[in-house]
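Summary of structural features
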Amino acid sequence: GVAEAQPAKAPRPGCEWAAAEERAHEELDARLEGRPETPSAALREQSLPEVRGAELVGVFERLQALGMPPQEAAATANKFAPQLRELGDMGFEDWLQAARLLEKY
């Protein structure tokens, strides 16, 4: 004979919540442990390419042209050149404001 399919059992009331809570705890543990499959771990792994030489000079000159004093422009370029370049590539052109925000956060 052909085996008859068994109807699916309805989950017990509250089981869905217990399962969801367990999944949430597992995901939190994974994030806290920095496992590679978590969004937090992925964010930590992202890094911007280093800016050196002529590119670094270009960032410095741009900051100066926007009105930043030379010593501050040099320190800011050394500290935030990759971030400023990335922001510029995305269309954020107010590097003076961006530098203040990068310093703050």
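Since we're looking at a predicted model, the values are computed, not measured.

A tally of helices and strands in the protein chain yields 5 helices and 0 strands. Secondary structure of the protein chain in N-to-C order comes out as α-α-α-α-α. Within the span of the protein chain, comprising 105 residues, buried residues form 18% of the whole. Of the contacts formed within the protein chain by residues at least 6 apart in sequence, a portion of 37% connects residues at least 24 apart. For the protein chain, the computed accessible surface area is about 8,400 Å², with 56% contributed by carbon and sulfur atoms.

With that settled, consider the packing of helix 4 (residues 70-89) against helix 5 (residues 95-104). Direction vectors running N to C along helix 4 and helix 5 enclose 115 degrees, while the axes themselves pass 10 Å from each other. The handedness of the crossing between helix 4 and helix 5 comes out as right-handed. On helix 5, the residues touching T76, K79, F80, Q83, L84, R85, L87 and G88 of helix 4 are W95, A98, A99, L102 and E103. Here the residues of the contact of helix 4 with helix 5 are counted per class, giving 7 nonpolar, 3 polar and 3 charged.

Let us look at the packing of aromatic side chains. Following the criterion strictly, the structure yields 0 aromatic pairs and no others. Between R62 and the ring centre of W95, over which it is positioned, the NZ or CZ distance is 4.4 Å.

This part covers the side chain of T76. Within the fold, T76 resides in helix 4. Exposure remark for T76: the relative accessible area of 11% places this residue in the buried category. If we ignore the near neighbours within four places in the chain, the residues touching T76 are L63, M68, A81, L84 and A99.

The geometry of helix 3 (residues 53-65) relative to helix 4 is characterised by a closest axis approach of 8 Å and an angle of 120 degrees between their N-to-C directions. One way to sum up the angle between helix 3 and helix 4 is to call them oblique. Every pair of crossing elements has a handedness; the one defined by helix 3 and helix 4 is right-handed. Here E55, L56, V59, F60, L63 and Q64 of helix 3 lie close against helix 4, whose contacting residues are P70, A73, A74, T76, A77, N78, A81, L84 and R85. Classifying every residue of the contact of helix 3 with helix 4 by side-chain character gives 10 nonpolar, 3 polar and 2 charged.

Within the fold, P82 resides in helix 4. Expressed as a C-alpha distance, the spacing of P82 and P49, which sit 33 residues apart in the sequence, is 6.5 Å.

Rules used throughout
Residues numbered from 1 in each chain as written. Predicted model: local features only at pLDDT ≥ 70, side-chain atom pairs only at ≥ 80, totals over all residues. Heavy atoms only, no water. Helix = DSSP H or I, 4+ residues; strand = E, 2+ residues; numbered from the N terminus. Buried < 20%, exposed > 50% of the residue type's maximum accessible area, 1.4 Å probe, protein only. Contact = heavy atoms within 4.5 Å. Areas by Shrake-Rupley, 256 points an atom, 1.4 Å probe, with all protein chains shown as cover. Axes fitted to C-alpha atoms, helices over the stretch in contact; angles between N-to-C directions. Left-handed = near helix turned anticlockwise from the far one by under 90°. Nonpolar A, V, L, I, M, F, W, Y, C, P; charged D, E, K, R; others polar. Phe/Tyr/Trp six-rings, centres within 6.5 Å; stacked < 30°, edge-to-face > 60°. Lys NZ or Arg CZ within 6 Å of the ring centre and 35° of its normal. Parallel < 35°, antiparallel > 145°, perpendicular 65-115°, else oblique.

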